[in-house]
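Structure at a glance
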Amino acid sequence: MKLFKMRGGVHPEARKADSSERPIRILPLPPLLHVPLQQHIGAPAKPVVRVGDKVLAGQLVGVGQGHVSAPVHAPTSGTVVAIGDHPAPHPSGLSAATVTIAPDGEGRWFEYEVPADPFALAPDDIAARAGAAGIVGLGGAAFPSSVKLDASRQSGVDTLVINGGECEPYLTCDDRIMRERASEIVTGIRLIQHAVGATRALVGIEDNKPEALAAMRAAAAATDVQIRAVPAMYPMGWEKQMIHALLGREVPAEGRSADIGVLVHNVATAWAVQQAVCQGRPLVSRIVTVSGGAVVAPCNLEVPIGAPVQALFDVCGGFRTTPARLVLGGPMMGQQIARTSVPVVKGTSGVLALTQAEIGLTRPAPCIRCSTCVRACPVGLLPLEIAARVRSDDLAGAVALGLKDCIGCGSCSYVCPSGIPLVHFFNYAKGDLAAQARSKAKQETTRKLAAERSARIERIAREREEAAAARKAAKAAKEAAARAAATTEAAA
Amino acid sequence: MIAALTSLTVLGTSLGLILGLAARFFKVEGNPLVEEIEALLPGTQCGQCGYPGCTGAAQALANGNAPLTLCPPGGRAVVAALAARLGMEADLSGVEDAGPRIAEVREELCIGCTRCYKVCPTDAVLGAAKHIHAVFSEACTACGSCVDVCPTEAILLRPLAPTLQSWGWGKPGLQPLAIAQGMAA
Amino acid sequence: MKLDALRARLAYQTVLLGCVVLLTSAALALASRATEADIEAAAMRDLRQSLAQVLPGEYDNDLLTDTLRLDVDEGPTVYRARRAGRVEAVVFQTVARGYAGPVVCIMGVARDGQLLGVRVLSHKETPGLGDKIEPAKDTWIHEFEGKSLGSPTADKWAVKKDGGAFDQFAGATITPRAVVRAVKGGLELFARERSRMLGEMEEGKT
Amino acid sequence: MTTIAHSPHARAANSVSRIMATVMLALVPVTLFGFWLNGWPAVYLWTVSLAAALVGEAAALKFQRRAVKPALLDGSGVLTAWLLALSLPPWAPWWIAVVGSLFAVVIAKQVFGGLGQNVFNPAMAARVMLLISFPLEMTIWVPPMSQPGLLDSLAVTFGGGQLDAVSSASLLGHVKTEFSRGLGLEQALAGHYAPLEALWGRRSGSLGETSALLIFIGGVFLLARRTITWHAPVAMLAGVALPALLMNLVAPEHYADPVYHLLSGGVMLAAFFIVTDPVTSPNTALGQLLFGLGCGLLTYVIRTWGSYPEGVAFAVMLMNAATPLIDRNIKPRIYGRTRQGAPLMTRHAKKDAA
Amino acid sequence: MSYARIAKDGLWDNNVVFSQMLALCPLLAVTGSATNGLGMGLATTAVLLASNTLISAVRHLVSTEVRIPVYIVLIATLVTLVDMGLNAWAHELYKVLGLFIALIVVNCAILGRAESFASKSPVLHAAADGLMMGLGFTFALVVIGGVREILGAGTLFANAHLLLGQGFAFLELTVIPEYRGYLLMILPPGGFLAVGFLLAGKRMLDRRLAARRITAALSLAPSP
Amino acid sequence: MSEYLLMLLGTALVNNVVLVKFLGLCPFMGVSRKMGGALGMGMATTFVLTLATAATWMLEHWMLAPLGIEYLRILAFILVIAAVVQFTEMAIRKTSPALYQVLGIYLPLITTNCAVLGVAILNVQEQHAFVESLLYGFGSALGFTLVLLLFTGLRERLALAQVSEAMAGAPIGFVTAGLLALAFMGFAGLA
Ligand SMILES: Cc1cc2nc3c(=O)[nH]c(=O)nc-3n(C[C@H](O)[C@H](O)[C@H](O)COP(=O)(O)O)c2cc1C
Ligand SMILES: Cc1cc2nc3c(=O)[nH]c(=O)nc-3n(C[C@H](O)[C@H](O)[C@H](O)COP(=O)(O)O)c2cc1C
Ligand SMILES: Cc1cc2nc3c(=O)[nH]c(=O)nc-3n(C[C@H](O)[C@H](O)[C@H](O)COP(=O)(O)O)c2cc1C
Ligand SMILES: Cc1cc2nc3c(=O)[nH]c(=O)nc-3n(C[C@H](O)[C@H](O)[C@H](O)CO)c2cc1C
Ligand code: SF4
Ligand code: SF4
Ligand code: SF4
Ligand code: SF4
Ligand code: FES
């Protein structure tokens, strides 16, 4: 079996053993669940329940609006106690529209129709069911899966790649789900393959997860789903890296994997598709890794969406020491949060409580142009040059060097001996560019409005003038007529 | 002496002739730059720059008589675009980017005089005579014209609060990022 | 304004530039007339001064007009100094290959083959190292005065490092070595062409 | 208010000072060997260089109102002075070291904004400056193992004086002198050069040009620690050796063989410690190859046809000047793009085009 | 524009070298010593004064198409006149300043002043501007020459008598006795370094002066 | 042939117009902030300098020398150079707006680039034949372009560096030029 050589990448300390050896536990229901209406890329969902409504587990509480969006469901049965702003799991600390549910503890499920033979369903029906179940990519980007499935089917993909890379340190949720729920995942994979009409399905798993590899191989033995080991390195889980490692194909810049006939989904997404199609269960919970040096007993939990992060730490025995940093996701790309009251959402793969020793050096020194970052970048960028331009506000220069191709993987910052927050520079610049684009779009609108207004004012003025002229003419005509009448009269 | 004078004079005369002819022959009309620059300006003709609308501003810029930072509604984006087009280095430090703002009508003060409705260059003020006016946020450029004409000071320019969509990371090393105020749990 | 209309005319450019050039070149021509003689005199003075440095003593002819060009290859121009019609000394140029390029020297040789003086006209040696050949920086160049081919003997016409009689500079042997060799070459040239340089053939004829 | 840090929330265990310390460690063997070979004056000179660099750097930082301590502690100034000291004639007077170190850390480095901001290699800039300003002091060498006592050594370094008595020439200087006397290569080298001796280092020269072997060992250590990559060193050695081989084949009586060129002068030190300076060299592998090659070629050209006996420092500075141009034009290919930066053709686009 | 303003511009605020960054070639080439700088400066001042006056006088006659040739021909004539005069009557100085007399023609500053000031100003203003710009340039040359000479050779105004006559021999100073010389400063690189550091020095001085002016203004303002 | 090559190298590197001869410094300092501009200036100078050396050579040998009016040399040379420059500018502006964008604004600056006149005069002084003159002019222009490009690269990098306020911009530019001149001294003795 051929694997293709990759460039760039780093080898951070994995720290996975802390949590990978404990089976997945179910998180006890917390007193309140805060379910944000936007947990995905795209437009937020619109609430369809009111305060005081009783809801069942899996019942729709928000419908997606527009093309790229996803619905939101109640994680358990209970009462809607509030619809309003609640702190979002986001580094800004800002709030977002959230439906708060008080569980009744009964866990009664809303009944969805379950097909007898899921593989008999039409491909677009599978995508529709995944969409109705609110499934978004669980690999991190949280992109609505039905959109991806539909688009892939229409553009025609030949290969389905299932991403079991899980290259982020600490995180083991994909590892555990592959060990414990391999057959469901394989079914999910086959469903997705069926939904997009792919001729083959490959699962790429990093070779540092032998148990997961074994479990998946066993589950896939009777099917034509192929399980492949890929070398462990960060960011092997980046879909383009995974595609390159498995297939040797390169996705064009500014394009998507579908452009080269590949669809990529995460293993947990495949499991969620199986749940939705075969069990009629919408996406209302996910596996979350709780880990970090400050946590007493790291482990993986199955968590209802909306559970506050604090509840997860509590189940894991609380903190050993005061954590220096709380992080949602992995240490390489995850986001720091300031409070433990924020909820777990569909895209939350892990919650980490890190100590200062784990975070490492923070005080930045000047760049010594050692080009370690250049060697680490999997995209082939020059992080030091881009950052220098961003620092001196030369955004155009940064873009010319490929700022927009940066995937924000953090490899460069990780290896930089000077501790320069390179990715921070890039994301600051990307935010600034986005703001500029927004204001430009707005400028276009205003320009149009201003033009319309001046046209209108001109028209009104013209009409007024014309009216005046007409009046004058009429008056003149009348007078003339009057005069004529007078003369005729006089003549008469 | 004679040779010197004649030869140099002939040289000078012929070069003068050539240059004169060349100037005539190679004459270039108009300045396409002005139009290009005008396309970069917001086009609201609000006059805050001190020129009679964006065309005047564009002309001044093309002649190099105006700073890149002349247009307040354009903010940093316009400065950057102008700098790129004119190949100049923009000094962004002087540009006050108060962040996105929007006009807001305080209903308790509005008397429905329609003056703001008449001046708004983008038709962002809605309402009719004797009725309370409101601002259509998508169209408001925060130019402030309405603020100036309102007889009861009912219109204010209010900063737009950041949302999850508009929020962005601050520049590292300059402003250590802080949690939005009033949210500390 | 009338001038404006005029300025736009094609002929105007032509006439303007022509006039300006005419006037300016006339001015220069006049100035050149006025200064010509002085400039020439100044140039003569320059040359005479440098010749005088290697020709101590009084001579009664004008060296600048009493020259001879040897027809040996690349032969230098020889300036002759006479007293009472007899050539008492000659001055000519010699070029050494120094550390960083040619070192151009002039040397004055008396009738009897004794060196009257050597001066460096131009060189590219390293300042602070090789430039001690300039009399302004060091007295080394005066070492040559009074020397001749016989004294010191031919094998001593070298720097001390090479077993000769002349000093070198600490850390810079190349420059003095080259100058010594060039001066020796000049003396040898004089010895070979002595009679022609001194104009003895002509004298003999008369 | 809690400040929120951007990802990543982990860092590799490395730092600037650790890198600098590694390089210094690699320099220890050759430095100690040089001390042994040249005696106490070399020790004094080395000490004065380092001290002057520290003082100069601190003063420059103070003057610019910048933080002094972190900049001094990163070790880059010390390393610069160390490399400069390795390139000086070991018995040079103390003020040579002072002027050189100050020029290196103040003018060639701090004036540009300090560590990482300079465009020319500070040690090499200082070495070139010293050579053209004080050619006398910079071209006087001593025979190996002429070791004065502790006190006499003080007189050598601090007293200023009677060096002529012991002066000798470095190999390259000697050969250049002999050439200018019109001697052939063979005569010039006779009794002055034996490859084996050049390799282990018992000969005249600066601390950093005597033992090619110990420098090589230090370089291999740095390679093993991944402090440097192989590209620039190998390219530099090739840049010297290839033209030397070619010219030696064409006219062996005039042009020395590659081994002579590799083992003499500053080539070894430069290849492993100087062209690898991260700050002033290109930041891609291909760029570093070009940079090293350029340094090697220029070194050979200046040595062979120029007026200076050794060209390493000039060559490094010239290539430093070309580094921004190299970096501008040689960039890694971005994933999903052609070398020119256009997106790769997709299946669909290809179909459309067809 | 007042004459005081013109003087201040020429000497400091808008100094040819320190602010406009023009006339750099003669600046670097002849500032190996203060004396050479002084000579070059004075020659340039003479040309600047004459050219500004002349060009201002004929400015109404000149049309845009041949503007630059006409100006530069006038300047060239003046320079040639100076060249001839020096060669004939001040030959020693002529030898020192050599090629650079000819290059006064293209000394960018002269055409620069012609274009930006003389061609738009009345004759007297233009003359004053020429004089002040010239003196400012001379000042810069002497300062840079002085710095390079002191650091490079330890002397100041060496050989001034060749330039100004024996009466000025008293200017010749040995600043650092027994100095062995710092060649760098006399060689080309030293010229660049000296100009760079002097520019930075002027900038710091200007900033300090501005700060002092502000504090002075504040202390004058009536306290609330 | 190799003689000509050596001459080209000699003028471009060893006796570099900017760093060794001190000619053309104003554009060297003024147009070295952005690579595009520097490239334009380099190309424009190369074009004009080569053309001007040819024109002035003819002027010298066919007019000034035969008539014995060498004292009008500066006048005649500068006149021709100015005319060449201005003509080139007008022609490019009309015929190729794109090229004008690149070169246009730099062309007038060349009239006052003393390298052009300086090289023309040096050519006369060194009594070069026609082809040598052309090579000398072209080599000098190459040398000018080379150091201008190197220097621009360095300055672009310095624009991103954290140079202290007092040194930023022109002062650090001069210091860099000084170190560059130091480096070029290494070419001494070649050719
Ligand atoms: C047709 C189609 C359109 C997509 N549009 C987007 C999009 O606009 N934004 C986005 O982030 N991902 C979009 N995706 C999903 C991406 O291809 C990718 O899976 C997702 O960005 C997450 O990838 P990553 O986490 O490796 O970056 C789309 C996928 C398909 C198939
Ligand atoms: C740097 C980086 C690392 C990633 N690592 C993983 C990973 O380890 N596992 C994973 O499933 N997705 C990972 N992703 C996301 C994938 O690129 C891709 O979005 C995902 O596999 C698509 O599947 P989904 O739509 O089911 O989430 C990573 C993305 C990036 C940019
Ligand atoms: C920068 C430099 C400049 C030099 N300049 C000269 C010079 O001008 N004249 C000279 O004879 N040697 C010069 N040399 C050559 C050396 O000093 C050479 O080693 C010396 O001439 C050999 O002489 P020695 O036998 O006295 O050591 C120079 C060497 C260097 C490195
Ligand atoms: C591998 C390596 C090589 C170095 N080489 C040099 C050098 O040649 N010269 C120098 O001044 N500093 C050198 N340094 C130190 C440091 O990069 C130098 O002080 C910076 O150039 C100052 O900004 C080196 C550092 C490393 C890690
Ligand atoms: S890793 Fe850090 S120090 Fe090294 S080049 Fe990149 S940004 Fe600079
Ligand atoms: S964060 Fe961006 S620049 Fe840094 S390594 Fe990842 S892709 Fe490259
Ligand atoms: S301020 Fe801006 S938007 Fe308003 S008129 Fe001037 S240029 Fe146009
Ligand atoms: S500020 Fe007022 S006038 Fe200006 S756009 Fe907004 S609403 Fe209209
Ligand atoms: S003085 Fe030479 S270019 Fe300005």
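Residues numbered from 1 in each chain as written. Chains lettered and ligands numbered in written order. Predicted model: local features only at pLDDT ≥ 70, side-chain atom pairs only at ≥ 80, totals over all residues. Heavy atoms only, no water.

1. Some remarks on the site of ligand 3
Taken together, 16 residues surround ligand 3, and among them C:Thr126, C:Lys161, C:Gly171, C:Thr173 and C:Thr175 come closest. Neighbouring residues of ligand 3 are not confined to one chain but are distributed across chains C and D. Taking C:Gly130, its main chain carries an N or O atom lying 3.3 Å from an oxygen atom of ligand 3. Between C:Thr173 and ligand 3, the recorded distance is 2.4 Å, taken from a side-chain N or O atom to an oxygen atom. Compared with its free state, where it exposes 610 Å², ligand 3 has 92% of that area covered by protein. The residue makeup of the shell around ligand 3, split by class, is seven nonpolar, seven polar and two charged. (Near = heavy atom within 4 Å. Polar contact = N/O pair within 3.5 Å; in protein donor to acceptor, adjacent residues only side chain to side chain. Areas by Shrake-Rupley, 256 points an atom, 1.4 Å probe, with all protein chains shown as cover. Nonpolar A, V, L, I, M, F, W, Y, C, P; charged D, E, K, R; others polar.)

2. As for the nonpolar core
Formed by 252 residues in total, the largest nonpolar core has its most connected members in D:Phe103, D:Phe273 and F:Phe28. Tallying contributions element by element places helix 4 (residues 73–95) of chain F first for this core, with 14 residues. Residues in contact with D:Phe273, not counting those within four places in the same chain, are D:Val23, D:Ala26, D:Leu27, D:Leu83, D:Ile215, D:Gly218, D:Gly219 and D:Leu222. Formed by 56 residues, the second largest nonpolar core is a distinct cluster that contains A:Val10, A:Met242, A:Ala245 and A:Phe425. (Core = buried A, V, L, I, M, F, W, Y, C linked by side-chain atoms within 4.5 Å. Buried < 20%, exposed > 50% of the residue type's maximum accessible area, 1.4 Å probe, protein only. Helix = DSSP H or I, 4+ residues; strand = E, 2+ residues; numbered from the N terminus. Contact = heavy atoms within 4.5 Å.)

3. Describing the domain arrangement of chain B
Interfaces are often described in size by the accessible area the parts lose on coming together. According to the domain assignment, chain B contains domain 1 (32–86) and domain 2 (101–159). The C-alpha centroid of domain 2 of chain B is placed 25 Å from the C-alpha centroid of domain 1 of chain B. (Domains from an automatic or database assignment.)

4. Some details on the domain arrangement of chain A
All names here are of chain A. The domain architecture assigned to chain A consists of domain 1 (17–21 + 116–304) and domain 2 (370–492). For domain 1 versus domain 2, the separation of C-alpha centres amounts to 41 Å. Each partner contributes residues to the interface: domain 1 has five residues there, and domain 2 has six residues. Approximately 410 Å² of surface area, both sides summed, lies buried where domain 1 meets domain 2, with 67% of it carried by carbon and sulfur atoms. The largest contributions to the domain 1 side of the interface with domain 2 come from Tyr234, Pro235 and Trp238, which together make up 82% of the buried area. There are zero salt bridges connecting domain 1 and domain 2. On inspection of domain 1 and its partner domain 2, the count reaches one residue pair in polar contact (both at pLDDT 80 or more). (Buried area = accessible area lost by both parts, 1.4 Å probe. Salt bridge = Lys/Arg side-chain N within 4 Å of Asp/Glu carboxyl O.)

5. Observations regarding the site of ligand 7
In the region of ligand 7, 13 residues are neighbours, and B:Cys46, B:Gly47, B:Cys49, B:Cys54 and B:Cys71 sit closest. In the shell around ligand 7, the residues fall into eight nonpolar, five polar and no charged.

6. Side note on the sheet that holds strand 3 (residues 86–97) of chain C
All names here are of chain C. Ordered in space as 1-2-3-4-5, the five strands form an open sheet in which the pairing is antiparallel. Taken across any chain shown, the strands that pair with only one partner, and hence form the sheet edges, are strand 1 (67–69) and strand 5 (115–122). Geometrically, the sheet is characterised by an average inter-axis angle of 25 degrees between neighbouring strands, direction not taken into account. Summarising the sheet, strand 2 (residues 77–83) and strand 3 pair through five bridges and their orientation is antiparallel. By the bridge assignment, arginine 83 is partnered in strand 3 with arginine 86. (Pairing = 2+ DSSP bridges. Axes fitted to C-alpha atoms, helices over the stretch in contact; angles between N-to-C directions.)

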